[in-house]
Amino acid sequence: MTSKLPPSAANQLWGGRFASGPAAIMEQINASIGFDQKLAMQDIAGSKVHAAMLARQGIISTADAEAITAGLDRIAEEIAHGQFTFTTELEDIHMNVEARLAVLIGEPAGRLHTARSRNDQIATDFRLWVRDALDRLDGDLKALQGALIDQAERHAGTVMPGFTHLQSAQPVTFGHHLLAYVEMIGRDRSRARDARARLNECPLGSAALAGTSFPIDRDATATALGFARPTANSLDAVSDRDFALEYLALASIISVHLSRLAEEIVIWCCDRFRFVRLSDAYSTGSSIMPQKKNPDAAELVRAKTGRVIGALTGLLVVMKGLPLAYTKDTQEDKEPVFGADETLALCLAAMTGMVGDLQPETEVMRAAADAGYATATDLADWLVRAIGLPFRQAHHVTGRIVKLAEQQGCRLGDLALADLQAIEPRMTAGVFDVLTVEASVASRTSFGGTAPERVRAAVVAARERFL
Ligand code: ARG
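What counts, and at which threshold
Residues numbered from 1 in each chain as written. Predicted model: local features only at pLDDT ≥ 70, side-chain atom pairs only at ≥ 80, totals over all residues. Heavy atoms only, no water. Phe/Tyr/Trp six-rings, centres within 6.5 Å; stacked < 30°, edge-to-face > 60°. Helix = DSSP H or I, 4+ residues; strand = E, 2+ residues; numbered from the N terminus. Buried < 20%, exposed > 50% of the residue type's maximum accessible area, 1.4 Å probe, protein only. Lys NZ or Arg CZ within 6 Å of the ring centre and 35° of its normal. Lys, Arg positive; Asp, Glu negative; His and termini not counted. Salt bridge = Lys/Arg side-chain N within 4 Å of Asp/Glu carboxyl O. Contact = heavy atoms within 4.5 Å. Near = heavy atom within 4 Å. Polar contact = N/O pair within 3.5 Å; in protein donor to acceptor, adjacent residues only side chain to side chain. Areas by Shrake-Rupley, 256 points an atom, 1.4 Å probe, with all protein chains shown as cover. Nonpolar A, V, L, I, M, F, W, Y, C, P; charged D, E, K, R; others polar. Axes fitted to C-alpha atoms, helices over the stretch in contact; angles between N-to-C directions. Parallel < 35°, antiparallel > 145°, perpendicular 65-115°, else oblique. Expected span 1.5 Å × (residues − 1). pLDDT = per-residue confidence, 0-100. Core = buried A, V, L, I, M, F, W, Y, C linked by side-chain atoms within 4.5 Å. Pairing = 2+ DSSP bridges.

1. With respect to the packing of aromatic side chains
Next, step 1: Applying the stated criterion across every chain yields a total of seven aromatic pairs.
Next, step 2: Seen from their ring centres, W129 and F338 are 4.7 Å apart, and the 65° between their planes marks the pair as edge-to-face. Pair noted here: W129 is in helix α6 (residues 118-154) and F338 is in helix α12 (residues 334-357), with a separation of 209 residues, a long-range link.
Next, step 3: Classification of F338 by relative accessible area gives buried; the value is 5%.
Next, step 4: Consider the rings of F273 and F275, whose centres lie 5.0 Å apart with planes at 70°: the pair is edge-to-face.
Next, step 5: The class for F275 is buried, based on a relative accessible area of 3%.
Next, step 6: Grouping aromatic residues by their ring pairs yields a cluster made of F126, W129, F243 and F338.
Next, step 7: For K38, the ring lying beneath its charged end belongs to F338, and the centroid distance is 5.3 Å.

Shown next as C-alpha cells:
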C-alpha cells in the first residue's frame, strides 16, 4: 500500500541530477504532504482530465490514458477508505499520488506528467479546493441568514433600545436589529460570488512557467474541471495566489461580522442588560461560582476572528516580495486557508445555533427602551409637524424638556402638560401620543426603517433575496 521509493534513489522524480537524498531537516522543511493531502481529490481530478486530454491530442496513447485513469480511480478509493499511506519522503500530494500510480500501473504512470509541472498542478488543485470552500461557505452563510430571518420574523414588533455610542438613542425592534446582520451576510455572499467568478480560470497547461511545446488543449481541460476558461498568462498563472488572498479577505470580513454579533450577544446577556437569555446549549457554567452562565460560544466566535485575520495578514506577507514566476514560498499559502476555512465553518455553525436559540427578554428590552428618553427625537419631530418649529429650535425645546424629566426623575410621557407648556406654550395633549416607544417604532415607516410593518415586509423580501 505504501508508495515507497527504492532506498538508494535520491529522488524518483528528479534523481537524475542528484547524487544523494535530502538532509533530514531539508525533507522536513520542504514537505507539504502533512497538509496538502487535503488536495488529494482535486489533484486526482486534475490528473484524470489532463491524461484524457493528452490522449485526445495524440500526445500519449489511449491505452496509457486508460491505465492512468484506472490507477487514479483506485488511488482515490484507497484515500477515501483511509488505506493510502502518505509519506514525507515524497514531499507533496502530487508526488505521493504519482509514485503510487507508478507502483500500480508501471511505465504509463511516467507519461502523466507530460506537458505539465507541479507548478500549474498545485495552482489548479488549490483553485479547485478554494472554489469548493466558497460554495460550502455560501451554504453556511445562508443557514445563518435563515436563523436570523426566522428570529426577526418572531420579533418584528419586539421593542428594544437602539443605540449609538452604546447609549440609548431611539427605540427600534429586535427584528430590525437582526435583519441588519442579514444584510451584512448578504454582502459577504455576494463577495464570495465575485471571488468565485474571478478564481474560476484554469492554470493547468501553464506548465512550469512558460507554457509547453506539446499541442495541448487548454480549453478542454478548463471546461472539464468546471472552469470558465484557461488562465491567459502562464507566468501569472503559476504564481498568482490572489484567489487565496481574496478568500482570506472575505473570511476576515465575515469573521468581523460574526464578531460584532458575538459582542452584542455578550452585551445582551450580561447582568446589566439581560436583553436575551442564551440557551443552556450555548453557555457554560463556572467551576467556582454556581450562579454563573457564561456566553463562551459567543466569546470564542469573537476571539477566533484573530486567527482568520492573522491568516490573511500572514499570506499577504508571504506574497509581498515574490518575483515571477513560481517560488516555493507559495507553498505557505495552504495552511492559512485551510485554517481559516475550518475556523469559519465552526464559528458559523456555533453562531447559527446561538441565534436560533436566543430567547429575548421582551419586557426587559421594552423597559430599557422606555427608560432612556429614547423618544426625545419623536418629541422634536412632533414640534416640527404640529406647531411648525424649525427642527433646530424643536431640538432645543426638547432638550429643555428632557432636562426637566431628568430633574423630576420621570419619563417624557409622565410630565404634566402644564410643565410642557411652561417651556413651549403651543404644546397640546396630542404630544403624548408620540412619546410611547410603540408609537415611536410604528412611526418609522420609511424604507429601511424599523416600523414593525416595515420589518415584516423586510422579512418577506429577505427570504426572497437570500433563501
Ligand atoms: N508543494 C508545492 C506547493 O505547494 C507544489 C509545487 C512544487 N513545485 C516546485 N517547483 N517545487 O507549492
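2. Here's the deal with the side chain of K304
Next, step 1: Inspection of the secondary structure assignment puts K304 in helix α11 (residues 296-319).
Next, step 2: Here K304 is buried and forms no salt bridge, its nearest opposite-charge partner E342 lying at an N-O distance of 8.4 Å.
Next, step 3: In this structure K304 touches T343, L346 and C347, once residues within four positions along its chain are discounted.

3. Side note on the site of the ligand
Next, step 1: Near the ligand, the surroundings consist of S32, D36, D92, H94, R118, N119, I122, Y326, K328, Q331 and K334.
Next, step 2: Taking S32, its side chain carries an N or O atom lying 3.3 Å from a nitrogen atom of the ligand.
Next, step 3: Contacts to the ligand include Q331, whose side-chain N or O atom sits 2.7 Å from a nitrogen atom.
Next, step 4: When isolated, the ligand has an accessible area of 340 Å², and the protein chains bury 87% of it.
Next, step 5: In terms of residues, the shell around the ligand owes the most to one element, α6, which gives three residues.
Next, step 6: Broken down by class, the residue content of the shell around the ligand amounts to two nonpolar, four polar and five charged.

4. A word on the packing of helix α3 (residues 40-56) against helix α4 (residues 62-80)
Next, step 1: Relative orientation of the contacting elements α3 and α4 amounts to 170°, with a least axis distance of 9 Å. Considering their axes alone, α3 and α4 lie roughly antiparallel with respect to each other. In this structure, α3 contributes A40, M41, I44, S47, K48, A51 and A55 to the contact, and α4 contributes T62, A65, I68, T69, L72, D73, I75, A76, I79 and A80.
Next, step 2: Residue composition of the contact of α3 with α4, by class: 12 nonpolar, three polar and two charged.

5. Structural notes on helix α5 (residues 93-105)
Next, step 1: Taking 1.5 Å as the rise per residue, α5 with 13 residues should run 18 Å; its terminal C-alpha atoms sit 18 Å apart, in good agreement.
Next, step 2: Every buried residue of α5 is accounted for by I93, H94, M95, N96, V97, E98, A99, R100 and L101.
Next, step 3: Of the surrounding secondary structure, the elements contacted by the buried residues of α5 are α2 (33-36), α3, α4 and α6.
Next, step 4: For α5, the N-terminal cap is D92; the gap from its side-chain oxygen to the backbone nitrogen of H94 is 3.2 Å.
Next, step 5: Trailing α5 by a residue or two, G106 shows a phi angle of about 75°, which is positive.

6. Some thoughts on the confidence of the model for the protein
Next, step 1: Looking at the protein, pLDDT values average 95 and 98% of them are 70 or higher.
Next, step 2: The model gives residues 1-8 a pLDDT under 50, and that stretch makes 15 contacts with residues more than four places away or in other chains.

7. Structural notes on the nonpolar core
Next, step 1: Within the largest apolar cluster, 68 residues are counted, with the highest numbers of intra-cluster contacts made by F126, V130, L148, Y247, L258 and M351.
Next, step 2: Listing elements by their share of this core, those giving two or more residues are α6, α7 (174-199), α10 (242-268), α11, α12 and α18 (452-466).
Next, step 3: Element by element, the count of residues in this core is highest for α10, at 14 residues.
Next, step 4: Excluding anything up to four places from it in sequence, V130 contacts L199, F243, Y247 and V337.

8. Some points on the pairing of strand β1 (residues 159-164)
Next, step 1: Across six bridges, β1 lies against strand β2 (residues 167-173) in antiparallel orientation. Its bridge partner being in β2, V159 is matched across the sheet by T173.

9. A few points about the side chain of T173
Next, step 1: The topology assignment puts T173 in strand β2.
Next, step 2: A relative accessible area of 0% means that T173 is categorised as buried.

10. Quick word on the pattern of salt bridges
Close approach of charged atoms lets side chains of opposite charge pair.
Next, step 1: As enumerated under the stated definition, the model contains 30 salt bridges in all.
Next, step 2: In this structure, D333 engages K334 in a salt bridge whose closest nitrogen and oxygen atoms are separated by 2.7 Å.
Next, step 3: Look at K334 and you get buried, because its relative accessible area is 2%.
Next, step 4: One continuous salt-bridge network, built from bridges that share partners, spans R366, D370, R411, D414 and E438.

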